[in-house]
Amino acid sequence: APAAAPELAGRRLFLPVKCNLAGGVTGLAYRVVPSADDPEVPILAWEDGAIPLTAEDALSIRHARPSRLDAAAAWLEALLMAGGPLLVEDVEQRAVAAGFSIPTIKRARRELGVQTFHSSLQSPWILRLPGDQAEARVVRGRVQDVPGPASAPPALTVEVS
């Protein structure tokens with residue numbers, strides 16, 4: 001995330017939320033600063049000029065930046081599109097190496113509707129994007145494509161060798 005500009009550090013906004021009785025109400029900006037008389041006593045230092053934002057505008061600006069979840073979802077989608085079905089364990093290791101936490105990746109999986117499969121209690125879990133028609137199997141801990149006719153129904157078979 002980009003660092004805040006130094007001149008904006010500590011700046012607070014006092015913005016209108018809803019004002020249907022008086023039109024044209026603008027916001028104000030202030031900082032909490034030490035008092036000139038006693039530096040341990042905080043005071044409000046109001047900035048000159050009006051702030052032409054509503055609280056809703058300010059919040060939409062804040063949410064316009066991609067969240068960590070958005071970044072994780074984009075990363076996961078790109079990974080699964082490029083690599084096809086992958087072992088959950090491999091995806092989680094790559095996610096941690098890319099700087100994402102496991103809980104964030106799990107939320108991204110839910111947001112994307114990523115499908116999780118395994119064929120038996122002893123086989124590892126595999127992830128794939130919804131609508132991914134590729135079949136796969138696990139051979140020596142790696143997911144491999146299984147060739148099949150184009151008309152075959154989508155399936156994911158896991159064989160642990």
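Above this text is the structure in question.
Being a predicted model, the structure only gives us computed values, none of them experimental.

1. What about the nonpolar core?
Judged by nonpolar contacts, the single largest core of 15 residues is most densely connected at Leu76, Leu80, Val91, Val114 and Leu127. Of all the secondary-structure elements, those providing two or more residues to this core are helix 2 (68-83), helix 3 (88-97) and helix 4 (102-112). Setting aside residues up to four positions removed in sequence, Val91 forms contacts with Trp75, Leu76, Leu79, Leu80, Leu86 and Leu127.

2. Here's the deal with a nonpolar patch on the surface
Where nonpolar side chains cluster on the molecular surface, the patch consists of Phe14, Leu28, Val32, Leu44 and Trp46 and spans about 510 Å² of accessible area. Sorting the residues of the nonpolar patch by element identifies strand 2 (28-34) and strand 3 (42-46) as the ones contributing at least two each. Tracing the chain through its elements places Phe14 in strand 1 (residues 11-14). Overall, the relative accessible area of 53% leaves Phe14 in the exposed class.

3. Focus: the packing of helix 2 against helix 3
The contact between helix 2 and helix 3 brings their axes to 12 Å, and the two run at 135°. With respect to each other, helix 2 and helix 3 are oriented oblique. Classified by chirality, the crossing of helix 3 by helix 2 is right-handed. Along the contact surface, helix 2 presents Trp75, Leu76, Leu79 and Leu80, while helix 3 presents Val91, Arg94 and Ala95. Within the contact of helix 2 with helix 3, the residues separate by chemical class into six nonpolar, no polar and one charged.

4. Side note on the sheet that holds strand 4 (residues 86-87)
Reading across from one edge, 4-6-5 is the order of the three strands in this open sheet, with antiparallel pairing throughout. The open sheet terminates on both sides in strands that have one partner only, identified here as strand 4 and strand 5 (115-117). Alignment of strand 4 against strand 6 (residues 126-128), held across two bridges, turns out to be antiparallel. Directly across from Leu86, in strand 6, lies its bridge partner Leu127.

5. Concerning the side chain of Ser35
On the secondary structure map, Ser35 appears in the loop between strand 2 and strand 3. A polar contact of 3.2 Å, which involves the side chain of Ser35, links it to the backbone nitrogen of Asp37. Not counting chain neighbours up to four residues away, the residues in contact with Ser35 comprise Val41 and Ile43.

6. A few points about the packing of aromatic side chains
The description of two aromatic rings rests on the distance between their centres and on the angle between their planes. Under the counting rule described, the total for this entry stands at three aromatic pairs. Here Phe14 and Trp46 contribute two aromatic rings whose centre-to-centre distance is 6.2 Å and whose plane-to-plane angle is 85°, an arrangement assigned as edge-to-face. Linking Phe14 in strand 1 with Trp46 in strand 3, this pair joins segments that are 32 residues apart in sequence. Put simply, the rings of Phe14, Tyr30 and Trp46 touch in pairs and so form one group of aromatic residues.

7. Observations concerning helix 4
All of the buried residues in helix 4 are Thr104, Ile105, Ala108 and Arg109. Down the axis of helix 4, the sector holding all buried residues measures 145°, keeping them to one side. Along its buried surface, helix 4 packs onto helix 2, helix 3, strand 5 and strand 6.

How each quantity is defined
- Residues numbered from 1 in each chain as written.
- Predicted model: local features only at pLDDT ≥ 70, side-chain atom pairs only at ≥ 80, totals over all residues.
- Heavy atoms only, no water.
- Core = buried A, V, L, I, M, F, W, Y, C linked by side-chain atoms within 4.5 Å.
- Buried < 20%, exposed > 50% of the residue type's maximum accessible area, 1.4 Å probe, protein only.
- Helix = DSSP H or I, 4+ residues; strand = E, 2+ residues; numbered from the N terminus.
- Contact = heavy atoms within 4.5 Å.
- Patch = residues over 30% accessible without salt bridge, like charges linked within 9 Å, V, L, I, M, F, W, Y side chains within 5 Å.
- Areas by Shrake-Rupley, 256 points an atom, 1.4 Å probe, with all protein chains shown as cover.
- Salt bridge = Lys/Arg side-chain N within 4 Å of Asp/Glu carboxyl O.
- Axes fitted to C-alpha atoms, helices over the stretch in contact; angles between N-to-C directions.
- Parallel < 35°, antiparallel > 145°, perpendicular 65-115°, else oblique.
- Left-handed = near helix turned anticlockwise from the far one by under 90°.
- Nonpolar A, V, L, I, M, F, W, Y, C, P; charged D, E, K, R; others polar.
- Pairing = 2+ DSSP bridges.
- Polar contact = N/O pair within 3.5 Å; in protein donor to acceptor, adjacent residues only side chain to side chain.
- Phe/Tyr/Trp six-rings, centres within 6.5 Å; stacked < 30°, edge-to-face > 60°.
- Arc of directions from axis to C-beta.

Functional significance is not addressed by these values, which are geometric in nature.
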